[in-house]
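# Coordinate analysis (summary)
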Amino acid sequence: MPTFRRKKLPHESPLWVNTDAIYFITICTTTRRQNTLCTKVTSNAIRESVLIRMNNGEWWPHLFLLMPDHVHALISFSPETKMNTSISNWKRWLARNHGISWQHGFFDHRLRTDESFDEKAHYIRMNPVRAGLVDSPHSWPHVWIP
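Looking only at helices and strands, the protein features three helices and five strands. Secondary structure elements of the protein, listed N to C terminal, follow the sequence β-α-β-β-α-β-α-β. Relative to its full complement of 146 residues, the protein shows a buried share of 45%. Total accessible area on the protein is roughly 9200 Å²; 52% of this is exposed by carbon and sulfur atoms.

It is worth spelling out unusual backbone geometry at this point. Backbone geometry at arginine 33 places phi at a positive 65°, although glycine is not the residue there. Among the secondary structure elements, arginine 33 is positioned in the loop between strand S1 (23-28) and helix H1 (40-55).

Okay, the pattern of salt bridges next. In this structure the tally under the stated criterion is two salt bridges. The residue arginine 53 makes a salt bridge to glutamate 58 at a minimum N-O spacing of 3.8 Å. Overall, the relative accessible area of 12% leaves arginine 53 in the buried class.

Before going further, it helps to spend a moment on the pairing of strand S3 (residues 70-77). Summarising burial for S3: eight of the eight residues are buried, a large majority. The two faces of S3 match: His70, His72, Leu74 and Ser76 on one face and Val71, Ala73, Ile75 and Phe77 on the other face are all buried. Pairing of S1 with S3, which is carried by six bridges, proceeds in the antiparallel orientation. For cysteine 28, the partnering residue across the bridge sits in S3 and is histidine 70. As paired strands, strand S2 (residues 59-66) and S3 are joined by seven bridges and run antiparallel to one another. The residue bridging tryptophan 60 from the neighbouring strand is serine 76, located in S3.

With respect to burial, S1 is a largely interior element, six of its six residues being buried. Note: S1 against strand S4 (residues 107-110), four bridges, orientation antiparallel. The residue bridging tyrosine 23 from the neighbouring strand is arginine 110, located in S4.

Bringing the nonpolar core into the picture now. The biggest cluster of nonpolar side chains holds 36 residues, and the ones touching the most others in it are Ile25, Ile46, Phe64 and Trp90. Where this core is concerned, the elements lending two or more residues are S1, H1, S2, S3, helix H2 (83-98), helix H3 (114-130) and strand S5 (143-144). Residue contacts for phenylalanine 64: discarding those within four places in its chain leaves Ile46, Val50, Val71, His72, Ala73, Ile75, Trp90, His142, Val143 and Trp144.

Attention shifts here to the sheet that holds S5. Taken in spatial order, the five strands make up an open sheet running S4-S1-S3-S2-S5, and their pairing is antiparallel. Because the sheet does not close on itself, it has two edges, and the strands there are S4 and S5. Most of the contacts of H1 go to S2, to which it runs at about 165°, and overall it touches S2 and S5. On the sheet, H2 packs against S1, S2, S3 and S4 and is oriented at approximately 35° with respect to S1.

Conventions used here
- Residues numbered from 1 in each chain as written.
- Predicted model: local features only at pLDDT ≥ 70, side-chain atom pairs only at ≥ 80, totals over all residues.
- Heavy atoms only, no water.
- Helix = DSSP H or I, 4+ residues; strand = E, 2+ residues; numbered from the N terminus.
- Buried < 20%, exposed > 50% of the residue type's maximum accessible area, 1.4 Å probe, protein only.
- Areas by Shrake-Rupley, 256 points an atom, 1.4 Å probe, with all protein chains shown as cover.
- Salt bridge = Lys/Arg side-chain N within 4 Å of Asp/Glu carboxyl O.
- Pairing = 2+ DSSP bridges.
- Core = buried A, V, L, I, M, F, W, Y, C linked by side-chain atoms within 4.5 Å.
- Contact = heavy atoms within 4.5 Å.
- Axes fitted to C-alpha atoms, helices over the stretch in contact; angles between N-to-C directions.

What follows is the structure, given as structure tokens:
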């Protein structure tokens, strides 16, 4: 039986894309269906690391939500920082300092309209509701909107 290899896509934007582009990002842990990220200690560490990168001007998280085994975010990146480098460094730091085992790579999609932003934000906020973790998106404690 033939094996299929997933095509590796670049995570960098073409030069013609505005530097203020917003990306829908999904990053998964290697241990699926287990609560790796939504413990008090880990959640606080992730939040702090997101805020440090924001304060350093590396990225701007418009919306950042933790699920037990993955992260969803709407993020803009600094023109001086490559998206792939930024996320790889962030994942590496969390792996070394907090023992989080991440899947290789991540998913990204550049948002092209305000309507797309609202649609993705709603999708992200409803993720814990669809998973049966809370009844209302406002009840989910692992979401940050700076």
